[in-house]
Amino acid sequence: MSTSTLTPKPKSSTQALFSLPVIVAALGYFVDIYDLLLFGIVRIPSLKELGLNEEQVSRVGAMILNWQMGGLLLGGILWGVLGDKRGRLSVLFGSIITYSIANIACGFVDQITFMDPITYYAAMRFIAGIGLAGELGAGITLVSEVLPKELRAIGTSLVAGIGLLGAVVAYFTVELFSWQWSFIIGGVMGFGLLLLRIGVFESGMYKDVAGQKHVQKGNFFAFFTNRTRFSKYMKCIGIGLPTWFVIAILATFSNEFGKALGVAEPIRPGLAIMWCYVGLAIGDLASGFISQAMKSRKKAVSLLMLITLVFSLIYLYTGEKSATTLYMLCVGLGVGIGYWAMFVTIGAEQFGTNLRATAATTVPNMVRGTVIFMNFLYISLKPSLDVINAGAVVGLISFAIGFYSILTIPETHGKDLNYLEE
């Protein structure tokens, strides 16, 4: 690792928090979250309209979600490499075009006759996943590099806090419109974002590195050829596991947990996801300020992860509860996993400018990709352990890896990002 000087950073000023790159990154993540969570919200009504029964909705819904997450996994590598090789903005433009087209296509799944609608649905969610993979990592990387280090945590939290409200808008869009139109609206919003991005400038750090032909940029395999880099990369992924345990297991299958807990009123997963993201937006907005106050990324994330663990235990093991109580627990869980932006920021800060976009884009999507294994483990354990204990086992593994990773990864609070990976 060398510490060659690149572009001087701007003076610390809160005005920088409202610069065009920050605003557009926040709005981009807003649309990204809308489209990412939309399938989870419309999973039951859309699949029932396609003629599936309750058991098929659970099984096929998990399968389609796995395809979407597989797309995120593949897209994370694709866009991450392109972000370091071609620039942060190329990813912001390319990814949004991809997922906008795919989401509009999902709005016509019930009219498909040239192939099996379920296969088509899974294929479109896979393509959408590829596109959605690029948004957050490129946005966080760009914001991290254009903001002074004193404002970096607050800036990235602002991006995520605003962006995560896209889940709330997705829920109410489904309430006001059909699930078909909800997909189409998401795609149209994406294309609208392209107009806003025309005026966004490239990161000065990246532009300086781009001119250095001898510097190797966007080499994904570089994370696996150096022991220290590999350890940091795997720990970055491990930190994020509890976040998607909450979203993909506790919230997405909340209807199953509600029934197992004896909740009289049927739980609506879409509503559970929406309330989870309300909490997540609050937690993400707070996490930057908590990190600044503690002067530590690690302490802030550890605190929020501990809150998540406490709410997970309450959710699973406090016995019968009302639907309202369960939804409010989802808010608490969301606040706990509000370290999502901080976790992505940590991923960006661990590596040099020539690998930063690759890290920041692949890390969150590797975490999303682990949902495939979480779903498989949860579904496999349900027959023998029951719904509650199957969920608990998945959670135990996620939290064990998460706490180990955050407690042993290097601290990055106040770290200067003007350096390259050799």
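Residues numbered from 1 in each chain as written. Predicted model: local features only at pLDDT ≥ 70, side-chain atom pairs only at ≥ 80, totals over all residues. Heavy atoms only, no water.

Brief notes about the overall build of the protein chain
Turning to step 1, where the next piece is worked out: Scanning the protein chain from terminus to terminus reveals 17 helices and zero strands.
Turning to step 2, where the next piece is worked out: Within the protein chain, the fraction of its 422 residues that count as buried is 61%.
Turning to step 3, where the next piece is worked out: Restricting the contact set of the protein chain to residue pairs at least 6 apart, pairs at least 24 apart contribute 86%.
Turning to step 4, where the next piece is worked out: Carbon together with sulfur atoms contributes 69% to the accessible area of the protein chain, which is approximately 15,500 Å² in total. (Helix = DSSP H or I, 4+ residues; strand = E, 2+ residues; numbered from the N terminus. Buried < 20%, exposed > 50% of the residue type's maximum accessible area, 1.4 Å probe, protein only. Contact = heavy atoms within 4.5 Å. Areas by Shrake-Rupley, 256 points an atom, 1.4 Å probe, with all protein chains shown as cover.)

Details of helix H17 (residues 371-408)
Turning to step 1, where the next piece is worked out: With 38 residues, H17 ought to run about 56 Å at 1.5 Å a step, yet its terminal C-alpha atoms sit only 24 Å apart, falling short of that.
Turning to step 2, where the next piece is worked out: Maximum bend of H17: about 130°, positioned at leucine 385. (Expected span 1.5 Å × (residues − 1). Bend = angle between axes of the 7 residues up to and from the residue.)

Some words on helix H4 (residues 117-132)
Turning to step 1, where the next piece is worked out: Across its 16 residues, H4 extends 22 Å between first and last C-alpha, which sits within 8% of the 22 Å expected from 1.5 Å per residue.
Turning to step 2, where the next piece is worked out: Residues Ile118, Tyr120, Tyr121, Ala122, Met124, Arg125, Ala128, Gly129, Ile130, Gly131 and Leu132 constitute the buried set of H4.

Remarks on the packing of aromatic side chains
Turning to step 1, where the next piece is worked out: On inspection of all chains with the given rule, the structure shows 17 aromatic pairs.
Turning to step 2, where the next piece is worked out: Here the aromatic rings of phenylalanine 224 and tyrosine 233 are separated by 5.9 Å at their centres, their planes lie at 75°, and the arrangement is edge-to-face.
Turning to step 3, where the next piece is worked out: Put simply, the rings of Phe223, Phe224, Phe230, Tyr233 and Phe351 touch in pairs and so form one group of aromatic residues.
Turning to step 4, where the next piece is worked out: Against the face of phenylalanine 351 rests lysine 232, its NZ or CZ located 5.2 Å from the ring centre. (Phe/Tyr/Trp six-rings, centres within 6.5 Å; stacked < 30°, edge-to-face > 60°. Lys NZ or Arg CZ within 6 Å of the ring centre and 35° of its normal.)

Digging into the environment of phenylalanine 376
Turning to step 1, where the next piece is worked out: Within the secondary structure, phenylalanine 376 sits in helix H17.
Turning to step 2, where the next piece is worked out: Residue phenylalanine 376 is classed as exposed on the basis of its relative accessible area, which comes to 58%.
Turning to step 3, where the next piece is worked out: Phenylalanine 376 sits 310 residues away from asparagine 66 along the chain, and the two C-alpha atoms are 9.3 Å apart.

Remarks on the confidence of the model for the protein chain
Turning to step 1, where the next piece is worked out: Model confidence for the protein chain is summarised by a mean pLDDT of 84, while 88% of its residues fall at 70 or above.
Turning to step 2, where the next piece is worked out: The secondary-structure element of the protein chain with the lowest mean pLDDT is helix H9 (residues 204-210), recorded at 51, while helix H13 (residues 297-317) shows the highest, at 95.
Turning to step 3, where the next piece is worked out: Segment residues 202-206: pLDDT under 50, and 25 contacts once partners within four positions in sequence are set aside and those in other chains are kept. (pLDDT = per-residue confidence, 0-100.)

Comments concerning the nonpolar core
Turning to step 1, where the next piece is worked out: Within the largest apolar cluster, 128 residues are counted, with the highest numbers of intra-cluster contacts made by Tyr121, Trp244, Leu250, Phe257, Tyr277, Tyr315 and Trp340.
Turning to step 2, where the next piece is worked out: Considering each element in turn, this core owes the most residues, 14 residues, to helix H1 (residues 20-49).
Turning to step 3, where the next piece is worked out: Apart from the residues within four sequence positions on either side, phenylalanine 257 is in contact with Ile249, Leu250, Tyr315, Leu316, Tyr378, Val387, Ile388 and Gly391. (Core = buried A, V, L, I, M, F, W, Y, C linked by side-chain atoms within 4.5 Å.)

Some words on the environment of serine 254
Turning to step 1, where the next piece is worked out: Mapped onto the elements of the fold, serine 254 is located in helix H11 (residues 254-260).
Turning to step 2, where the next piece is worked out: Serine 254 gets classed as buried once you look at its relative accessible area, which sits at 0%.
Turning to step 3, where the next piece is worked out: For serine 254, the residues in contact, after removing those within four places along its chain, are Ile249, Ile267, Arg268, Pro269, Ala272, Tyr315 and Leu326.

Topic: the pattern of salt bridges
Turning to step 1, where the next piece is worked out: In this structure the tally under the stated criterion is five salt bridges.
Turning to step 2, where the next piece is worked out: Lysine 259 is the partner of glutamate 54 in a salt bridge, and the nearest nitrogen-oxygen pair spans 2.9 Å. Of this pair, glutamate 54 sits in helix H2 (residues 54-85) while lysine 259 sits in helix H11; the two residues are 205 residues apart in sequence, bridging distant segments of the chain.
Turning to step 3, where the next piece is worked out: Among the salt bridges present, the one from arginine 268 reaches glutamate 175, with a minimum N-O distance of 2.7 Å. Here arginine 268, found in the loop between H11 and helix H12 (269-294), pairs with glutamate 175, found in helix H7 (residues 166-176); they are 93 residues apart in sequence, far enough to count as distant.
Turning to step 4, where the next piece is worked out: Among the residues examined, arginine 268 registers a relative accessible area of 40% and is labelled partly exposed.
Turning to step 5, where the next piece is worked out: Judged by relative accessible area, which is 43%, glutamate 175 ranks as partly exposed. (Salt bridge = Lys/Arg side-chain N within 4 Å of Asp/Glu carboxyl O.)

Structural notes on the packing of H1 against H7
Turning to step 1, where the next piece is worked out: Across the interface, H1 lies against H7 with an axial gap of 7 Å and an inter-helix angle of 50°. On the basis of the axis angle, H1 is oblique to H7. In the packing of H1 onto H7, the handedness of the crossing is right-handed. Of the residues in H7, those in contact with Phe30, Ile33, Tyr34, Leu37, Leu38, Ile41 and Val42 of H1 are Gly166, Ala167, Val169, Ala170, Tyr171, Thr173 and Val174.
Turning to step 2, where the next piece is worked out: Residues that form the contact of H1 with H7 fall into these classes: 12 nonpolar, two polar and no charged. (Axes fitted to C-alpha atoms, helices over the stretch in contact; angles between N-to-C directions. Parallel < 35°, antiparallel > 145°, perpendicular 65-115°, else oblique. Left-handed = near helix turned anticlockwise from the far one by under 90°. Nonpolar A, V, L, I, M, F, W, Y, C, P; charged D, E, K, R; others polar.)

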